[in-house]
Amino acid sequence: MKEAKGSLLYLDGVSVAFDGFKAINNLSMVLKPGEMRAIIGPNGAGKTTMMDIITGKTRPDSGYVIFDGEIDLTQHDETDIAAMGVGRKFQKPTVFESHTVWDNLELALNRKRGVFSTLFYKTTGKDREQIDEILETIRLIARRDELAANLSHGQKQWLEIGMLLAQEPKLMLVDEPVAGMTDSETDETAKLLREIAKTRSVVVVEHDMGFVRNLDVKVTVLAEGSVLAEGSLDHVSANEKVIENYLGR
Ligand SMILES: Nc1ncnc2c1ncn2[C@@H]1O[C@H](COP(=O)(O)OP(=O)(O)OP(=O)(O)O)[C@@H](O)[C@H]1O
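Quantities reported herein were computed from a predicted structural model and do not represent experimental measurements.

**Q** Please provide a residue-by-residue account of the site of the ligand, values included.
**A** Surrounding the ligand, one finds Phe18, Ala23, Gly41, Asn43, Gly44, Ala45, Gly46, Lys47, Thr48 and Thr49. The element that contributes the greatest number of residues to the shell around the ligand is helix α1 (residues 47–54), accounting for 3 residues. When its residues are assigned to classes, the shell around the ligand shows 3 nonpolar, 6 polar and 1 charged.

Written out as structure tokens, the structure reads:
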């Protein structure tokens, strides 16, 4: 698809219906390499379903989902898509509580090498450097030897973001990262994601408008499965349809 050339993610005319109900309806969106995008919209707008389609969990009925300018993700399954460099962080953290912060990251780093090599693999100096770098990004250097169970909710979310970083995704999808976080954790998460977005593309779904403002990126507003508005947060916040469908509720 030549229109997708130069983009990192290109959705064109994507639709999916569940029992006749169109959860995603002719959705189109373009993400540039290295771009971070915030996705907002009312409950049921299709945000999660959109992520499910990008990651291969749900197959759309029609439309194109082109990754890295040329790969049609609708032709691949979840495992392939993850291996191609699409990482997803779900809302609930799923870190290994009985392992240390360091071990969680080491496991994530080894995971991308596959089961057999993991059994015989010894962590190299380069791996340790990479883990240190990630620890710095996720603000957990001082807690590296702590059991994950002892981290705060926000720190667990950061650890999970770190585990995703260990897989070196080109595109990171992050679902409601700041739900349940303290205000200072929320502020720190915006900074952390901005740092991460310097080296890869990021799509963040979030309801917290203060946080979205801090991200300071282009916003896509979804409603009823399609794009209602797109632009800066100020631009979309002034849109009558957005106020009516979402912000004014
Ligand atoms: N597997 C499914 N079967 C039937 N209906 C579904 C399925 N998945 C999603 N839906 C419906 O599709 C619509 C979009 O849901 P989706 O979860 O994508 O919205 P959302 O924007 O993520 O909402 P929220 O902000 O509440 O997470 C909803 O009406 C939902 O009930």
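We are not done yet, so read on.
**Q** Report on the nonpolar core, specifying residues and quantitative values.
**A** Counting 70 residues, the largest nonpolar core has Ile54, Leu105, Leu159, Val202, Val204, Leu215 and Val221 as the members making the most contacts within it. Sequence-distant contacts of leucine 105, defined by excluding residues within four places in its chain, comprise Ile131, Ile134, Gly162, Met163 and Ala166.

**Q** I'd like a rundown of the sheet that holds strand β3 (residues 36–40), residues and numbers included.
**A** The 6 strands are arranged β6-β7-β8-β3-β9-β10 in an open sheet whose pairing can be described as mixed. Strands at the two margins of the open sheet, each flanked by one partner only, are β6 (86–89) and β10 (226–231). Strand-to-strand twist of the sheet, defined as the mean angle between neighbouring strand axes without regard to direction, takes the value 20°. Across 4 bridges, β6 lies against strand β7 (residues 171–175) in parallel orientation. When the sheet's bridge partners are listed, glycine 87 is paired in β7 with methionine 172.

**Q** Give a detailed account of the domain arrangement of the protein, specifying residues and quantitative values.
**A** On domain assignment, one finds that the protein holds domain 1 (1–84 + 217–249) and domain 2 (92–200). For domain 1 versus domain 2, the distance between C-alpha centres works out to 26 Å. On the side of domain 2, 6 residues touch domain 1, which itself brings 8 residues to the contact. No other element matches α1, which puts 3 residues into the side of domain 1 that touches domain 2. Along the lines of polarity and charge, the residues of the side of domain 1 that touches domain 2 split into 5 nonpolar, 2 polar and 1 charged.

**Q** I'd like to hear about helix α6 (residues 153–165), residue by residue, with values.
**A** Between the first and last C-alpha of α6 there are 19 Å, a value that for 13 residues agrees with the 18 Å anticipated at 1.5 Å per step. Of all 13 residues that make up α6, 11 are buried, and the element is covered over most of its length. Taken together, the buried positions of α6 are occupied by Gly154, Gln155, Lys156, Gln157, Trp158, Leu159, Glu160, Ile161, Gly162, Met163 and Leu165. In this structure, the buried residues of α6 make contact with β6, α3 (101–111), α5 (125–137) and α7 (183–196).

**Q** Requested: an account of the sheet that holds strand β2 (residues 21–31), with residues and values cited.
**A** Hydrogen bonds between backbone groups are what pair the strands of a sheet, and the pairing can be parallel or antiparallel. Taking strand neighbours across the sheet as the criterion, the 4 strands line up as β2-β1-β4-β5 in an open arrangement whose pairing is antiparallel. Of all the strands in the sheet, just β2 and β5 (71–72) have a single pairing partner and so form its edges. Relative to β2, strand β1 (residues 9–18) is paired through 7 bridges, and the arrangement is antiparallel. Among the inter-strand pairings, leucine 11 is bridged to a residue of β2, identified as methionine 29. Docked against the sheet, α1 engages β1, β2 and β4 (62–67), running at close to 65° with respect to β2.

So, how was this worked out
- Residues numbered from 1 in each chain as written.
- Predicted model: local features only at pLDDT ≥ 70, side-chain atom pairs only at ≥ 80, totals over all residues.
- Near = placed C-beta within 6 Å.
- Helix = DSSP H or I, 4+ residues; strand = E, 2+ residues; numbered from the N terminus.
- Nonpolar A, V, L, I, M, F, W, Y, C, P; charged D, E, K, R; others polar.
- Core = buried A, V, L, I, M, F, W, Y, C linked by C-beta atoms within 7 Å.
- Buried ≥ 20, exposed ≤ 12 C-beta atoms within 10 Å, placed from the backbone.
- Contact = placed C-beta atoms within 7 Å.
- Pairing = 2+ DSSP bridges.
- Axes fitted to C-alpha atoms, helices over the stretch in contact; angles between N-to-C directions.
- Domains from an automatic or database assignment.
- Expected span 1.5 Å × (residues − 1).

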